[in-house]
Amino acid sequence: MKVTIQKLQQWKQEKRPIVSLTAWDYAIAQLLDQAGIDLILVGDSLGMVALGYSSTLPVTLEDMIHHTKAVCRGINRALVVVDLPFLTYQTNISQAIKSAGRMIKETNADAVKLEGGYPGMIETVSRLTEIGIPIIAHVGLTPQSVKILGYKQQGKTIEAQEKILNQAIALEQAGAFAIVLEHITENLAIQITKTLSIPTIGIGAGNHCDGQVLVTADLLGLSEKLPPFAKPYTNLRQTILDSVTHFSEDVKSRQFP
């Protein structure tokens with residue numbers, strides 16, 4: 001049965017953890033869906049794991065549409081959410097509507113994710129949900145603000161905690177159906193999760209959120225460098241390197257085919 005927004009909200013009430021991973025192509029998406037992952041995020045992290053950029057900032061709307069189409073072809077059950085990339089929704093509400101509208105119309109994704117909780121973003125979320133585009137919000141460490149925030153944990157001071165909590169409340173009131181809490185203190189994540197009626201999806205925010213998301217390349221050990229909160233479950237980077245090296249040696253020694 002297809003995972004829906006209503007199902008995610010039901011799971012929060014039932015305290016059933018929501019499982020989320022990222023995907024960037026058909027093969028990965030199909031495997032995640034078959035494994036029963038609830039929410040698949042086509043994250044702009046694909047800029048690093050698939051396109052070789054050093055951050056998410058160079059990723060374009062066309063990049064995200066291209067990869068999201070491939071991901072959606074591999075999905076039967078999971079809810080598919082896609083990041084809008086940097087400067088495709090921040091300029092004004094009209095730009096945000098056009099970018100989000102294209103994403104939903106052209107890819108068959110179920111929702112889009114926007115970073116930030118400042119007043120302008122609250123207004124954007126309100127307008128998008130008003131016209132029928134489902135939104136997941138994202139506060140704490142927002143990678144599209146890396147030039148200002150870096151990759152440091154957020155919410156360490158009382159003032160910062162109050163700011164992030166108030167942003168989360170405002171985003172729920174604006175119509176977001178869930179919110180990603182990235183790299184914030186565990187106590188703040190607990191407070192937000194208890195305060196909001198919508199699900200919280202944590203990444204580096206402790207284990208008291210309503211769900212957890214990881215970048216799949218980190219989980220599989222494909223990334224060259226892992227964030228401090230990532231947990232690799234295998235080392236496919238080494239496995240692939242060993243297999244390709246073995247194949248190369250077999251060809252050179254005429255052991256293959």
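Quick note: structure is the one above.
Residues numbered from 1 in each chain as written. Predicted model: local features only at pLDDT ≥ 70, side-chain atom pairs only at ≥ 80, totals over all residues. Heavy atoms only, no water.

Student: Any chance you could explain the overall build of the chain here in plain terms?
Tutor: Across its full length, the chain carries eleven helices and eight strands. What you see for the chain is a C-alpha radius of gyration of 19 Å, in line with the 18 Å of a compact globule of 257 residues. Once the C-alpha set of the chain is aligned to its principal axes, its extents read approximately 65 × 40 × 40 Å. By the burial criterion, 49% of the 257 residues in the chain qualify as buried. Intrachain contacts of the chain at a sequence separation of at least 6 include 59% that bridge at least 24 residues. Here the chain carries 23 positive and 24 negative side-chain charges, and the mean point of each set is 1 Å from the other. (Helix = DSSP H or I, 4+ residues; strand = E, 2+ residues; numbered from the N terminus. Rg over C-alpha atoms; globule rule 2.2 N^0.38 Å. Buried < 20%, exposed > 50% of the residue type's maximum accessible area, 1.4 Å probe, protein only. Contact = heavy atoms within 4.5 Å. Lys, Arg positive; Asp, Glu negative; His and termini not counted. Charge placed at Lys NZ, Arg CZ, Asp CG, Glu CD.)

Student: Would you explain a nonpolar patch on the surface in this entry?
Tutor: On the surface, a nonpolar cluster with roughly 250 Å² of combined accessible area is contributed by Met 48, Val 49 and Tyr 151. Residue position: Met 48 is located in helix H3 (residues 46–49). Of the residues examined, Met 48 reaches a relative accessible area of 33% and is grouped as partly exposed. (Patch = residues over 30% accessible without salt bridge, like charges linked within 9 Å, V, L, I, M, F, W, Y side chains within 5 Å. Areas by Shrake-Rupley, 256 points an atom, 1.4 Å probe, with all protein chains shown as cover. Salt bridge = Lys/Arg side-chain N within 4 Å of Asp/Glu carboxyl O.)

Student: Looking at this structure, I do not really get the environment of Ile 5. What am I missing?
Tutor: With respect to the helices, strands and loops of the structure, Ile 5 is situated in helix H1 (residues 5–14). Considering only alpha carbons, one finds Ile 5 and Ile 198, 193 residues apart in sequence, at a separation of 10.0 Å. The contact partners of Ile 5, leaving out residues within four places of it in the chain, are Leu 79, Pro 134 and Phe 177.

Student: Hey, could you run me through the nonpolar core in this one?
Tutor: Ile 179, Leu 181 and Ile 192 are the most contacted members of the largest nonpolar core, which totals 57 residues. Contacts of Ile 179, omitting those with residues within four sequence positions, involve Ile 136, Ala 137, His 138, Val 139, Ala 168, Leu 171, Leu 196, Ile 198, Pro 199, Thr 200 and Ile 201. Core analysis: the second largest hydrophobic core is formed by 17 residues, Leu 39, Leu 79, Val 81 and Val 213 among them. (Core = buried A, V, L, I, M, F, W, Y, C linked by side-chain atoms within 4.5 Å.)

Student: Could you clarify how one ought to interpret the packing of aromatic side chains in this entry?
Tutor: Two aromatic rings, taken as a pair, are described by how far apart their centres are and by the angle between their planes. Across all of its chains, the model carries one aromatic pair by this definition. Ring geometry for Phe 247 versus Phe 256: centroids 5.1 Å apart, planes at 75°, classification edge-to-face. What makes Phe 247 partly exposed here is its relative accessible area of 45%. A cation over an aromatic ring shows up here: Arg 16 above the ring of Trp 11, its NZ or CZ 3.7 Å from the ring centre. (Phe/Tyr/Trp six-rings, centres within 6.5 Å; stacked < 30°, edge-to-face > 60°. Lys NZ or Arg CZ within 6 Å of the ring centre and 35° of its normal.)

Student: Which parts of the structure should I look at to understand the packing of helix H5 (residues 93–107) against helix H6 (residues 119–130)?
Tutor: Helix-helix packing is described using two parameters, namely the angle between the two axes and the distance between the axes. Viewed as axis vectors pointing N to C, H5 and H6 meet at an angle of 45°, and their least axial separation amounts to 10 Å. One finds that H5 runs oblique with respect to H6. Between H5 and H6 the crossing geometry is right-handed. Every residue of H6 that contacts H5 at Ile 93, Ala 96, Ile 97 and Ala 100 is listed here: Glu 123, Thr 124, Arg 127 and Leu 128. Residues that form the contact of H5 with H6 fall into these classes: five nonpolar, one polar and two charged. (Axes fitted to C-alpha atoms, helices over the stretch in contact; angles between N-to-C directions. Parallel < 35°, antiparallel > 145°, perpendicular 65-115°, else oblique. Left-handed = near helix turned anticlockwise from the far one by under 90°. Nonpolar A, V, L, I, M, F, W, Y, C, P; charged D, E, K, R; others polar.)

Student: Just to check I follow, could you spell out the pairing of strand E2 (residues 39–42) for this structure?
Tutor: Here E2 shows two buried faces, one formed by Leu 39 and Leu 41 and the other by Ile 40 and Val 42. Examined bridge by bridge, strand E1 (residues 18–22) and E2 share three bridges and lie parallel to one another. Following the sheet pairing, Thr 22 is matched in E2 by Leu 41. Considered for its hand, the β-α-β crossover made up of E1, helix H2 (residues 26–34) and E2 is right-handed. Direction of pairing for E2 relative to strand E3 (residues 79–83): parallel, over a ladder of four bridges. Looking at the pairing, Leu 39 lines up with Leu 79 of E3. (Pairing = 2+ DSSP bridges. Right-handed = clockwise from strand over helix to strand, strands pointing away.)

Student: Just checking my understanding: could you explain H6 for this structure?
Tutor: Residues that lie three or four places apart on an α-helix share one face, since the helix turns once every 3.6 residues. Here H6 contains twelve residues, and its C-alpha end-to-end distance of 17 Å stays within 8% of the 16 Å for a straight helix at 1.5 Å per residue. Within the sequence span of H6, burial applies to Met 121, Ile 122, Thr 124, Val 125 and Leu 128. The buried residues of H6 occupy an angular sector of 160° when the element is viewed end-on, so they sit on one face. Turned more than 90 degrees from where H6 packs its buried face, Pro 119, Glu 123 and Glu 130 sit exposed. On its buried face, H6 is in contact with H5, strand E5 (135–140) and helix H8 (158–174). Just beyond H6, the residue with positive phi is Gly 132, at close to 100°. (Expected span 1.5 Å × (residues − 1). Arc of directions from axis to C-beta.)

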